[in-house]
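These are the residues of each chain, in order.
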Amino acid sequence: MVKNMVKVMFADDEYYIRQGLKNAEMWQQTDVELLEAEDGIQAWELYQRERPQILVLDINMPGMTGIELAQKIRETDELSRIVFLTGYDDFHLIKSAVSLQATDYLLKPVVSEELQQAIDKAMDFLKRQSTQLQYMDKLRRQVKDFGHAARDQLLLDLIQQRRRTEDCLESLAQTGIAFPPGSRFAVMCAEVDDGGEFMREVPPREQHLRHYLFRKLAEEAVESYPGIHVIQVYPTRLLMLVVRGESERPDLLEAAGRLNQIFQTLLKISVSVGIGRWVEHPEQICLSYQEAWKAMEFRELVGRGKILSYDMLNFDKPVNQKLLDKELYLLSEMRAGNVEKVMEVLAGWSRELAGLSFEEVKLIVSQIVIFVMRLLKENGFSENQTAYPNPLVDMAYLRTVPKLVDYLQSYLADTGSRIREAMSTPSYRMLERAKAWIREHLSEEISLPALAQYLNVHPNYLSARFKTATGETFTEFTTRIRFERAKELLVNPELKIGEIANMVGFTDTNYFSIAFKKHVGVTPTEYRKRYV
């Protein structure tokens, strides 16, 4: 049987013929929808509206004959099955209907066994046709996927410098991708923050649909921005090569924001986006790619679901030591929730900042903002609880020193007051002790009763407060902290994976690797290759 309910239409000007066809016992065993028309014109209107797959037509009907009706249908529909009904006197007309690909011809009065055979024959055809169409659709998808995969590999060769640049450009040109003279290039990377959970939400046999959905939504998100090529590296990780012509100015931050928004809105998932700087030549694309991934390293510091531009995170330049000392003092007051002191320090600092270059001020302001973002994350604030959900993006649009300083002042005033308010509650102090204890005991088997005993509270009370304050259960928080610490340790190439497993509370290295991939989306070895 075909997938959807089959529609069968009877068209005959004799009422009792139609009733006999409709009331045939065979329909009780068949999942079909029956339609009827009393003349050719009515049948044509009904066909246009309902598109039945099987048509039982009287050859000699008023208004429009069955043959004329079949001819009109065949102008646009070659797949429907047509069964002609004819009286003995009209049987000579069958010869003119041969070209209409009729399934069968039934002589009136219709014998139920002959009707059954004609309908079964039509049903078999529809079933075979449905199977063939599904197979062809599958082949088309496979060909399209193969084309995507081949193109992705060529772009990856260029981005990661796996082949000579000239060879990559020549191969890409053969696929229809060519870069105009004077083009500039940048790389963005996007990754689901909890890739393992994203893939676990669907059965293994349907995970390929998740791969397709992730890429498809990304392509739709950036399709209005010219020159962005989307490449799927892993099921939950994308790269985007952005090519800017002389007359094109794609806004990377705006495109990244659109990408971030569409995944949050449609899939309810958090996606972080890293952005490398513009480069002038194809040979330099790899540098922008490396910067995009370096920017992504700050994801664990400032929180997930952020847009991280390397241009705002480039801390390679030296900073005036005198200013650095003031910066550290300001941050210590911020951690203590002393908003008035923070504003006092910043006001006295403004004159010195005004004497620096824009790049130096941007560097200092970025460092302070990243520290505060991390502080907010540690205190369990979500993006919706602050007036500045993505300050690094806001700052990227500021072009003068006074605007940067004004923004920093407003940002610190807002976030400082929220931190101070949170610190004034007894439960905050208790939870800070709890978090510190968990981090200190990651290499051990951590349990809620043991932590409750340390804090001298009941386990049920601690569990409830933990969920309310952090949005996570005790187990979820502990698991996340274990893997965040594991990711920090994996960046150190001198540590073996087995040693890291022990340091975060896993005695079995194999189990650690399985659990790491489940929660992070890649194996520890694959994660290490990103940074080492």
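See the structure above.
Only a predicted model underlies this, so the values are computations on that prediction, with no experimental measurement involved.

### Considering the side chain of Arg237
Mapped onto the secondary structure, Arg237 falls in strand E8 (residues 237-244). Residue classification places Arg237 among the buried positions, given a relative accessible area of 6%. If we skip the residues at most four places from it in the chain, Arg237 touches Ala190, Glu191, Phe214, Ile231, Gln232, Trp293, Val522 and Arg530.

### Thoughts on the sheet that holds strand E3 (residues 54-58)
Read across the open sheet, the five strands follow the order E2-E1-E3-E4-E5; overall the sheet is parallel. Each having just a single partner strand, strand E2 (32-37) and strand E5 (104-107) make up the two edges of the open sheet. Neighbour-to-neighbour, the strand axes of this sheet turn through a mean angle of 20 degrees, independent of strand direction. Alignment of strand E1 (residues 6-11) against E3, held across four bridges, turns out to be parallel.

### A word on the sheet that holds strand E7 (residues 228-234)
Strand pairing in a sheet is mediated by backbone hydrogen bonds. Such pairs are either parallel or antiparallel. With respect to topology, five strands assemble into an open sheet ordered E7-E8-E6-E9-E10, the strand pairing being mixed. In the strand order of this sheet, the two ends are held by E7 and strand E10 (307-309), each with one partner. Averaged over all pairs of adjacent strands, the angle between strand axes in this sheet comes to 20 degrees, irrespective of strand direction. Bridge count for strand E9 (residues 271-275) against E10 is three bridges, and the pairing is parallel. Looking at the pairing, Val273 lines up with Ile307 of E10.

### Looking at the packing of aromatic side chains
Counted under the stated rule, the structure contains 15 aromatic pairs. Between the aromatic rings of Trp44 and Tyr47, the centroid separation amounts to 5.9 Å while the plane-to-plane angle is 15 degrees, which identifies the pairing as stacked. Of this pair, Trp44 and Tyr47 both sit in helix H2 (residues 40-50), three residues apart, roughly one helical turn. Here the two residues Trp44 and Tyr47 agree in accessibility, since each one is buried. Note on Phe179 and Phe185: the rings are 5.3 Å apart at their centroids and 75 degrees apart in plane angle, and the pair reads as edge-to-face. Looking at Phe179, the relative accessible area reads 18%, which means it is buried. Here the aromatic residues Phe483, Phe506, Tyr511, Phe512, Phe516 and Tyr527 are joined through ring pairs into a cluster of three or more.

### Thoughts on the nonpolar core
In this structure, Leu259, Phe263, Leu330, Ile368, Tyr411 and Leu412 are the most contacted members of the largest nonpolar core, which totals 69 residues. It is helix H14 (residues 358-378) that provides the largest number of residues to this core, a total of ten residues. Excluding residues within four positions of it along the chain, Tyr411 makes contact with Val369, Val372, Met373, Leu376, Tyr388 and Pro391. With 22 residues, the next largest nonpolar core counts Leu155, Ile177, Val243 and Met296 among its residues.

### Some words on helix H8 (residues 252-266)
Taking 1.5 Å per residue, 15 residues should reach 21 Å; H8 reaches 21 Å between its end C-alpha atoms and fits that length. Along H8, the positions that sit buried rather than exposed are Leu252, Leu253, Ala255, Ala256, Leu259, Asn260, Ile262 and Phe263. Between a side-chain oxygen at the N-terminus of H8 and the backbone nitrogen of Leu253 the separation is 3.1 Å; the capping residue is Asp251. Where H8 terminates, the next one or two residues include Lys268, which has phi positive at roughly 60 degrees.

### Concerning the side chain of Lys7
Checked against the element boundaries, Lys7 lands in strand E1. Engagement of the side chain of Lys7 in a polar contact is seen with the side chain of Glu50, the distance being 2.9 Å. With sequence-adjacent residues up to four places away left out, Lys7 is seen in contact with Glu33, Leu35, Glu50, Pro52, Gln53 and Ile54.

### So, the packing of helix H20 (residues 474-490) against helix H22 (residues 509-520)
It is at 11 Å that the axes of H20 and H22 come closest, and there the two elements cross at 105 degrees. On the basis of the axis angle, H20 is roughly perpendicular to H22. Note on element contacts: H22 touches H20 through Phe512, Ala515, Phe516, His519 and Val520, opposite Thr479, Phe483, Ala486, Lys487 and Leu490. A class-by-class count of the residues in the contact of H20 with H22 yields seven nonpolar, two polar and one charged.

### Overview of H2
Since the α-helix advances by 3.6 residues per turn, residues separated by three or four positions end up pointing in the same direction. Of the residues making up H2, those classed as buried are Gly40, Ala43, Trp44, Leu46 and Tyr47. Buried residues of H2, seen end-on, are gathered within an arc of 165 degrees and therefore sit on one face of the element. Two or three places before Ile41, at the opening of H2, Asp39 has a side-chain oxygen 3.1 Å from that residue's backbone nitrogen. Two residues or fewer after H2 comes Arg51, characterised by a positive phi angle close to 50 degrees.

### Thoughts on the packing of H2 against helix H3 (residues 66-74)
Describing two packed helices takes the angle between their axes plus the distance from one axis to the other. Where H2 meets H3, the axes come as close as 10 Å, and the angle between the chain directions of the two elements is 20 degrees. The angle between H2 and H3 falls in the class roughly parallel. Between H2 and H3 the crossing geometry is right-handed. Side by side, H2 and H3 meet where Gly40, Ala43, Trp44 and Tyr47 of the first sit next to Leu69, Lys72 and Ile73 of the second. Partitioning the contact of H2 with H3 into residue classes produces five nonpolar, one polar and one charged.

### Describing the environment of Ala354
Within the element layout of this structure, Ala354 appears in helix H13 (residues 339-354). Exposure remark for Ala354: the relative accessible area of 56% places this residue in the exposed category. Sequence-wise, Ala354 and Pro402 are 48 residues apart; in three dimensions their C-alpha atoms are separated by 7.4 Å.

### Considering the environment of Asn492
With respect to the secondary-structure elements, Asn492 resides in the loop between H20 and helix H21 (497-503). In sequence terms Asn492 and Arg528 are 36 residues apart; their C-alpha atoms lie 8.5 Å from each other.

So, how was this worked out
Residues numbered from 1 in each chain as written. Predicted model: local features only at pLDDT ≥ 70, side-chain atom pairs only at ≥ 80, totals over all residues. Heavy atoms only, no water. Helix = DSSP H or I, 4+ residues; strand = E, 2+ residues; numbered from the N terminus. Buried < 20%, exposed > 50% of the residue type's maximum accessible area, 1.4 Å probe, protein only. Contact = heavy atoms within 4.5 Å. Pairing = 2+ DSSP bridges. Axes fitted to C-alpha atoms, helices over the stretch in contact; angles between N-to-C directions. Phe/Tyr/Trp six-rings, centres within 6.5 Å; stacked < 30°, edge-to-face > 60°. Core = buried A, V, L, I, M, F, W, Y, C linked by side-chain atoms within 4.5 Å. Expected span 1.5 Å × (residues − 1). Polar contact = N/O pair within 3.5 Å; in protein donor to acceptor, adjacent residues only side chain to side chain. Parallel < 35°, antiparallel > 145°, perpendicular 65-115°, else oblique. Nonpolar A, V, L, I, M, F, W, Y, C, P; charged D, E, K, R; others polar. Arc of directions from axis to C-beta. Left-handed = near helix turned anticlockwise from the far one by under 90°.

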